[in-house]
Amino acid sequence: MPAGWQTTPPLDNDQAGGWALARSTQGFLADGNGVLFPREWLKRQDLPVAAEHGLGHFDGEPVWLLELRHPAELPGCFWQNLRQFMLQADYPTFRMLSFAEQIGAWDDQHRFCGRCGQATVQVSRERCMRCPQCGLHSYARISPSMIVLITRGDEVLLARSQRFPPGMYSTLAGFVEPGESAEECVAREVLEEVGLQVGNLQYLGSQGWPFPHSLMLGFHAEYVSGEIVPQADEIEDARWFHIEELPQLPMQRSIARYLIDLYLARRLGRPEPELAR
Ligand SMILES: NC(=O)c1ccc[n+]([C@@H]2O[C@H](COP(=O)([O-])OP(=O)(O)OC[C@H]3O[C@@H](n4cnc5c(N)ncnc54)[C@H](O)[C@@H]3O)[C@@H](O)[C@H]2O)c1
Ligand SMILES: [Mg+2]
Ligand SMILES: [Zn+2]
């Protein structure tokens, strides 16, 4: 069994032992040893457990998620949200928590059938919620999103929203609309967000992103025409930056950063970075 995190088909909830995570609206339960608790011990702690999901293996050991309906207190433990783990945790732990977060949120948001309102039941051996009345099956929601680095020779187009930390600029991103291709989404979002035409699209890779449930499809595009017009409310500022005078960039593990670093590496003849997956 490989080290680190490995998602598997749902583990049998009747199997004993293993590790458990606890999730609530406050994030994940942690103590001085981290987020993984001995599962049998955690289940004896009188927590408001609404559901249990077998997720996968961490360093070869099985891991379940205990989804809590409200954040209970345990002595010596604290709650921490996924954004803080993104900044602080090692990458295998962040990947495990990203998956657990999306499974927990899906469970929480599919307690009742979206068609007839009946309480749903968890299907065993499949990550699926089923309505016992009308039979509707509900799976975890994943939202394809494009992310694109636009370049013009030695310049890259980066933008910021009000939500970003002060001084940070990133690549453009946006959710795919129903019926749209990823390439059409790039053209539409770029036009909406900065008013530019782009061409020569190149797909460079993908990354699951848990805020809230995106699958990022990463592209490079070349500038074709237009003047930058930042979209009101969405884009606080957008501009061309020379590759040797870049602002503060997104964090290393993000595909946004990968797209920028890859372009710099190719332009400057440096070794190419690897995309964290
Ligand atoms: N991993 C990375 O490097 C990276 C970098 C930038 C953005 N992202 C992610 O890309 C995604 C899209 O970026 P954006 O926020 O600029 O999108 P966006 O430009 O499409 O604008 C966001 C808005 O779109 C609407 N929207 C449409 N479809 C939606 C859906 N399926 N789910 C949620 N909201 C939807 C909402 O009103 C939301 O406020 C987000 O999940 C964001 O976290 C990831
Ligand atoms: Mg956007
Ligand atoms: Zn139903």
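The text that follows walks through the structure, step by step, so that each part is easy to find. This structure is a prediction, so every number in the text was calculated from the model and none was measured.

Let's shift gears to the site of ligand 1. Ligand 1 sits among 20 residues. The nearest are Phe175, Glu193, Phe211, Ser214 and Ala256. Interatomic distance of 2.9 Å between a backbone N/O atom of phenylalanine 211 and an oxygen atom of ligand 1. The side chain of serine 214 places a nitrogen or oxygen atom 2.7 Å from an oxygen atom of ligand 1. Taken by itself ligand 1 offers 850 Å² of open surface, and the protein chains cover 66% of this.

A separate point is the packing of aromatic side chains. Overall, the coordinates contain seven aromatic pairs when judged by the stated rule. On the basis of an interplanar angle of 15° and a centroid distance of 6.2 Å, the ring pair of phenylalanine 37 and tryptophan 41 is categorised as stacked. Exposure remark for phenylalanine 37: the relative accessible area of 3% places this residue in the buried category. When the centroid spacing of 5.5 Å and the interplanar angle of 75° are considered together, the rings of tryptophan 209 and phenylalanine 211 count as edge-to-face. The burial state of tryptophan 209 is the same as that of phenylalanine 211; both residues are buried. Between the NZ or CZ atom of arginine 152 and the centre of the ring of tyrosine 223, over which it lies, the distance is 5.2 Å. Between arginine 152 and the ring centre of tryptophan 240, over which it is positioned, the NZ or CZ distance is 4.2 Å.

By the definition in use, this model includes 17 salt bridges. Residue aspartate 108 is joined to arginine 111 by a salt bridge in which the shortest nitrogen-to-oxygen separation is 4.0 Å. Between arginine 266 and glutamate 272 there is a salt bridge, with its nearest N and O atoms 3.0 Å apart. The exposure class of arginine 266 is partly exposed, given its relative accessible area of 43%. Residues joined by salt bridges that share partners form a network here, namely Arg39, Glu40, Lys43 and Glu52.

Here we take up the coordination of the magnesium ion (ligand 2). Around a metal, the perfect tetrahedron of four donors has angles of 109.5 degrees, and the perfect octahedron of six donors has angles of 90 or 180 degrees. Coordination sphere of the magnesium ion (ligand 2), protein contribution only: Ala173 (O) and Glu193 (OE), at 2.2 Å. One end of the pair, alanine 173, is in strand β13 (residues 172-175); the other, glutamate 193, is in helix α4 (residues 182-194), with 20 residues separating them in the sequence. Relative accessible area serves as the criterion here: at 5%, glutamate 193 is assigned to the buried category.

Relative to the elements of secondary structure, glutamate 234 occurs in the loop between β15 (214-225) and β16 (237-242). The partly exposed category is assigned to glutamate 234, whose relative accessible area is 36%. Separated by 33 residues in the primary sequence, glutamate 234 and arginine 267 have C-alpha atoms spaced 30 Å apart. Not counting residues within four places of it along the chain, the set of residues in contact with glutamate 234 comprises Arg160, Ser161, Gln162 and Glu193.

Structurally, the position occupied by alanine 159 is in strand β12 (residues 155-160). Sequence separation of alanine 159 and isoleucine 235 is 76 residues, and the distance between their C-alpha atoms is 6.8 Å. Sequence-distant contacts of alanine 159, defined by excluding residues within four places in its chain, comprise Phe164, Tyr169, Ser170, Leu172, Ile235, Asp237 and Ala238.

Rules used in this analysis
Residues numbered from 1 in each chain as written. Chains lettered and ligands numbered in written order. Predicted model: local features only at pLDDT ≥ 70, side-chain atom pairs only at ≥ 80, totals over all residues. Heavy atoms only, no water. Near = heavy atom within 4 Å. Polar contact = N/O pair within 3.5 Å; in protein donor to acceptor, adjacent residues only side chain to side chain. Areas by Shrake-Rupley, 256 points an atom, 1.4 Å probe, with all protein chains shown as cover. Phe/Tyr/Trp six-rings, centres within 6.5 Å; stacked < 30°, edge-to-face > 60°. Buried < 20%, exposed > 50% of the residue type's maximum accessible area, 1.4 Å probe, protein only. Lys NZ or Arg CZ within 6 Å of the ring centre and 35° of its normal. Salt bridge = Lys/Arg side-chain N within 4 Å of Asp/Glu carboxyl O. Donors = N, O, S within 2.8 Å, 3.2 Å for Na, K, Ca; no water. Helix = DSSP H or I, 4+ residues; strand = E, 2+ residues; numbered from the N terminus. Contact = heavy atoms within 4.5 Å.

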